[in-house]
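Summary of the model geometry
Now for the letters of each chain:
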Amino acid sequence: FREHDVDPSSIDYVLLCTQTPDYPLPTTACLLQERLGLRQSVGAIDFNQGCSGFVYGVSLAEGLICSGAVNRVLLITAETYSKYIHETDRSLRTIFSDAAVATLIDATAQPTLRGFQFGTDGSGADTLLATAGGARPECDAHKPRHRKRWPSDLYMDGPSLINFTVGAVPLLVNQVLESASLAADDIDLYLMHQATWKMLDLLQQRLGLDDDHLPIRLKDVGNTVSSTIPILIQQLRDEGRVRPDRQNMLVGFGVGWSWAGCVWQDSWSA
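Residues numbered from 1 in each chain as written. Predicted model: local features only at pLDDT ≥ 70, side-chain atom pairs only at ≥ 80, totals over all residues. Heavy atoms only, no water.

Moving on: the sheet that holds strand 4 (residues 99-106). Read across the open sheet, the four strands follow the order 2-1-3-4; overall the sheet is mixed. Every other strand in the sheet has two partners, leaving strand 2 (43-47) and strand 4 as the edge strands with one partner each. The mean inter-strand angle of the sheet, taken between neighbouring strand axes irrespective of direction, is 15 degrees. Sheet topology places strand 3 (residues 72-79) next to strand 4; eight bridges connect them, and they run antiparallel. Each residue of the ladder has a partner; that of Leu-74, found in strand 4, is Leu-104. Its contacts with the sheet place helix 2 (residues 53-66) against strand 1 (13-17), strand 2, strand 3 and strand 4, and it is angled at close to 165 degrees to strand 3. (Pairing = 2+ DSSP bridges. Helix = DSSP H or I, 4+ residues; strand = E, 2+ residues; numbered from the N terminus. Axes fitted to C-alpha atoms, helices over the stretch in contact; angles between N-to-C directions. Contact = heavy atoms within 4.5 Å.)

Core analysis: the largest hydrophobic core is formed by 39 residues, its most contacted members being Phe-96, Met-192 and Phe-253. Where this core is concerned, the elements lending two or more residues are helix 4 (158-179), strand 8 (187-192), helix 5 (197-207), strand 9 (247-254) and strand 10 (258-264). By residue number, the principal contributor to this core is helix 4, which donates ten residues. Counting 28 residues, the second largest nonpolar core, distinct from the first, contains Ile-65, Leu-113, Leu-232 and Cys-262. (Core = buried A, V, L, I, M, F, W, Y, C linked by side-chain atoms within 4.5 Å. Buried < 20%, exposed > 50% of the residue type's maximum accessible area, 1.4 Å probe, protein only.)

Take the side chain of Asp-157 next. Structurally, Asp-157 can be placed in the loop between strand 7 (154-156) and helix 4. In this structure Asp-157 comes out as buried when scored by relative accessible area, which is 6%. Polar side-chain contacts of Asp-157 include one of 2.6 Å to the side chain of Ser-160. (Polar contact = N/O pair within 3.5 Å; in protein donor to acceptor, adjacent residues only side chain to side chain.)

So, on to the sheet that holds strand 5 (residues 113-120). Think of a sheet as strands paired side by side through backbone hydrogen bonds, with each pair either parallel or antiparallel. Across the sheet, which stays open at both edges, the four strands sit in the order 5-10-9-8 with mixed pairing between neighbours. Each edge of the open sheet is held by one strand with a lone partner, namely strand 5 and strand 8. Adjacent strand axes in the sheet meet at a mean angle of 10 degrees when their direction is disregarded. Bridge analysis of strand 8 against strand 9 gives five bridges, and the strand direction is parallel. Bridge pairing in strand 9 places Leu-191 opposite Leu-250. Relative to strand 8, helix 6 (residues 228-238) is tilted by about 135 degrees, and along the sheet it contacts strand 8, strand 9 and strand 10.

Next up on the list: the pattern of salt bridges. The tally for this structure, following the rule as stated, stands at nine salt bridges. Asp-188 is the partner of Arg-246 in a salt bridge, and the nearest nitrogen-oxygen pair spans 3.4 Å. Here Asp-188 lies in strand 8 and Arg-246 lies in the loop between helix 6 and strand 9, a separation of 58 residues in the sequence. Take Arg-246: its relative accessible area is 31%, and that puts it in the partly exposed class. Linking Arg-243 and Asp-245 is a salt bridge whose minimum nitrogen-to-oxygen distance equals 2.9 Å. Taking relative accessible area as the criterion, Arg-243 reaches 37% and is therefore assigned partly exposed. Looking at Asp-245, the relative accessible area reads 48%, which means it is partly exposed. Connected via shared salt-bridge partners are Asp-211, Arg-217, Glu-239 and Arg-241. (Salt bridge = Lys/Arg side-chain N within 4 Å of Asp/Glu carboxyl O.)

Here is the structure:
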């Protein structure tokens, strides 16, 4: 709000993507309405989507705006996976970090989003799993498919997630291109969820892309779950890599299993 001189009273809707809400209830987006001083006529909901959450959130905001119901949507992605990870767990502590990002999506901007495609496969739910705090009885809860090595509340089956990703993402990329009537060469940057270096390196190889077109920017921030794509966008803006005359693809994938993609053209100006 301060950096871009945004009046909080101009916000019509708050979308909060988080897998670490303050409480099971009430919805944390309602708490944000009060904390941010937004008007009481604002809409406010949480959604729990994780790694694909930014693209899902952008699609929800776009739908609200295109319906004519709202003009300005505040999309917030916020994760504190450290709450789930035990301090001795060297496998997960080297991957995940905490972050939050606020993205303003405005009806006055030129249309910059198209070609949305989505995917869901709940058979992979047990490959990235946190059962603590849920309402399902312990005896009925999903169990990790392999024995847990570390005493964290979060469990991850990395090899299964990699296998899922290298199968689903190239197909998704082709579906987005077809939906947007574009060829692969029409895309300047493939902005992927920053999961792990190994996973992104495999996607570069599978898609025949280099770092100039599928950038990997994990060194300083790690995997911030739903916030990786907007952090990546800001990093590339700072490098002068995101240009308003170029088309880019946003691709989120992971926990759920869930995946989503779209074509995006930057309309932001400093």
